[in-house]
Structure formats: structure tokens, C-alpha cells
Amino acid sequence: MHFKTRSDKWFDRINYLLLAVVSLCMIFPLLYIFSVSFSTTADFVQKKIVLWPSHWDFGAYQYIFGTQTFSRALLVSACLTVVITIFNLFMTSTMAFALTHRFVGYKLILGMVILTLLFSPGLIPSYLMVRNLHLINSYWSLILPGAISTFNLIVIRQFFQGLPKEIFEAARIDGAHDLRLFTKIALPLSKPALAAFALFYAVDAWNAYFNVILYINDTTKWTIQVVLRQMVIVSPPDNNLLTSLLRDPPPPQTVQMAAVLVATLPILVIYPFLQKHFAKGVMLGSVKG
């Protein structure tokens, strides 16, 4: 049984204190956004908002969900996140599994993959490629260019290579082909890694912002992050429009905070369901004792 010394106990206390301070610094903005979004106009004007609404008001949420633009952007982002996550995982995992085998041209393909990690084509060549493929104003412009993350590909490939080779050899003796090895052995054993990278891909897809502005000119196809930018920075909600839609309209700042909270909430909700696998997946590549 290990007994902690006095210095170890003080070290733990300082660590807990620092973690508590960092956690409060991260939670406070979310609590403030939550409080402002549910506060009444009077409380906002008189600055009575701290960490919890004094008087509850749902006018800001009635406004953002009553506008077709915000609801449509929310649906677009949700659908794109699901499609991009599944597509990227499929492309990354299949290529990573293929690169665990040695075949003709194996080193050349692996070298080209690593080369893309070191050198980016740049913004203008990427835009010209998307335009020449006639993908402007198409959701494929958001899906295809980032179908495979080179870093994720290399890490997943290393994970596949670390799986027991005896299992694959026994399956081959029983007549299993490569596709069956991939779907019945490699994927089930790789749930922690796939869950971790699914979360990475989902967060990137949900927060997609620059590529949407670059490739999507049709405002009806905008994602939630671009619409949120319009509401917060470019064109805040108009008081006259709020008055025409609601009898007791909230301040534009309250509407902005409600939009920020709604745009942030989905990722916060998804994370607990992947936490069990995510904790194991982020340890990929760590030193084993």
C-alpha cells in the first residue's frame, strides 16, 4: 500500500486548486451566456445579471427559432456534421487499414500521404480545384476536400498495426478476406480510436466556418456558424424586427447570447456519450509500461 508524503499531499492540493480555478474560468462564460439569454429586458438594462437569471424570459429563443434562417442553418449543420463525420471516418479508416499491408507502390503512397502533412497546397490552389470541379455552392465542397486528415490517418494506421497479428492470421486461415478482416476484426477492436476521431471530425464539421464562406454563396445553404457570425458581428438583430415579431422583444444582445448557446449546446450534449471511448482513444501513441 502506497502512503503519500506530506509534500505529495500539498502537491495534490495545489493541483486540485489550479484545476478548480481553470474550470471556473471555463464555466463562467457559459453561465453568463446562459443567464443573459434567459433574462428579461429590465434585468439586462439594469445589469442585474450575474450567474443566474433573476426573472426568466424565453423571448430570445422564440425569436431565433421563429426565424426560418436560423432553424434552417441549424438543420444544415446537423446533417452536414453527421455526413462529414461518417464519410471522413470511413475514408480515413479504410485507407489506414490498407496502408498496414505491403503492396506494390506502398512506400510511394505512404510518402505522398506524409508529404501532404508537411506541405499544404494553399488557399488559392484549393479554391481553384473546387471551382474547376464545379463544386461551388455545393455541399460536396465542404465534404470532399477534407475527407481525410493526414494526421488522423497516420495515428489510426499505427493503431491498426498495433493490433495482434495472430488474430488476423487465424482469420486468414479460416478463409477471411481483407474486407471481412476490416469489418469483423479491425473495426470492433478500434472503437476507442474511432470514437475519439469521430468527436474530432464532428467538432470540426460543426464549427465549419471559413470554408462555408469561401465556397457557399447561397445564403440558404449557410451553416449555423456563419449565421451566428452574421447575427453577432456583421448584422445584429434589428430592434424594429424584434418588435414586429414579439410583443415584449428582448434586447439584441440577449438574442445573440441565445444563438451562441444553441450553437454550442449540441457538442456539449454529444461529448458525454463518447467520453468512455474518448478517454481511451486520446491515449493512442502514449508510452506503454
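Look up: the structure comes first, before these words.
Sequence order as written defines residue numbering, which begins from 1 separately in each chain. With the structure being a predicted model, the display of local features is reserved for residues of pLDDT at least 70 and the display and counting of side-chain atom pairs for 80 or more, all residues being used for whole-chain, interface and lining totals. Side-chain measures were taken over the full set of non-hydrogen atoms in the model, leaving aside hydrogen atoms and water.

A. Seen up close, the overall build of the chain. Counting from the N terminus, the helices are the DSSP runs of H or I reaching at least four residues and the strands are the DSSP runs of E reaching at least two. From N to C terminus, the chain includes 15 helices and zero strands. Sorting the 289 residues of the chain into buried and exposed places 35% on the buried side. For the chain, the proportion of contacts with a sequence separation of at least 24, taken over those separated by at least 6, is 69%. To measure how exposed things are, a 1.4 Å probe is used in the Shrake-Rupley method; for residues, cover is taken only from the protein chains shown. Counting only carbon and sulfur atoms, one obtains 68% of the accessible surface of the chain, whose full area is about 18200 Å². Note on classification: 1.4 Å probe, protein chains only; a residue is buried when its accessible area is under 20% of the maximum for its type, exposed when over 50%, partly exposed between these limits. What makes two residues a contact is simply this: any of their non-hydrogen atoms within 4.5 Å.

B. Local environment of the side chain of Q225. On the secondary structure map, Q225 appears in helix α13 (residues 224–234). Those residues in contact with Q225 that lie beyond four places of it in its chain are W206, N207, A208, Y209 and A263.

C. Looking closely at the nonpolar core. Throughout, nonpolar core names a set of buried Ala, Val, Leu, Ile, Met, Phe, Trp, Tyr and Cys residues whose side chains join them through atoms within 4.5 Å. Counting residues in each nonpolar core, the largest one holds 34 residues, and the members touching the most others are Y61, I64, F70, I224 and M231. If you list the elements that add at least two residues to this core, you get α3 (59–66), α4 (68–98), α7 (140–143), α11 (191–206), α12 (210–215), α13 and α15 (252–281). Looking at this core element by element, the count peaks at seven residues for α15.

D. Representation of unusual backbone geometry in the model. The phi angle at H134 is positive, at roughly 60°, despite the residue not being glycine. Its place among the elements puts H134 in the loop between α6 (123–132) and α7. Taking relative accessible area as the criterion, H134 reaches 70% and is therefore assigned exposed. With a phi close to 70°, N137 is a non-glycine residue in the positive phi region.

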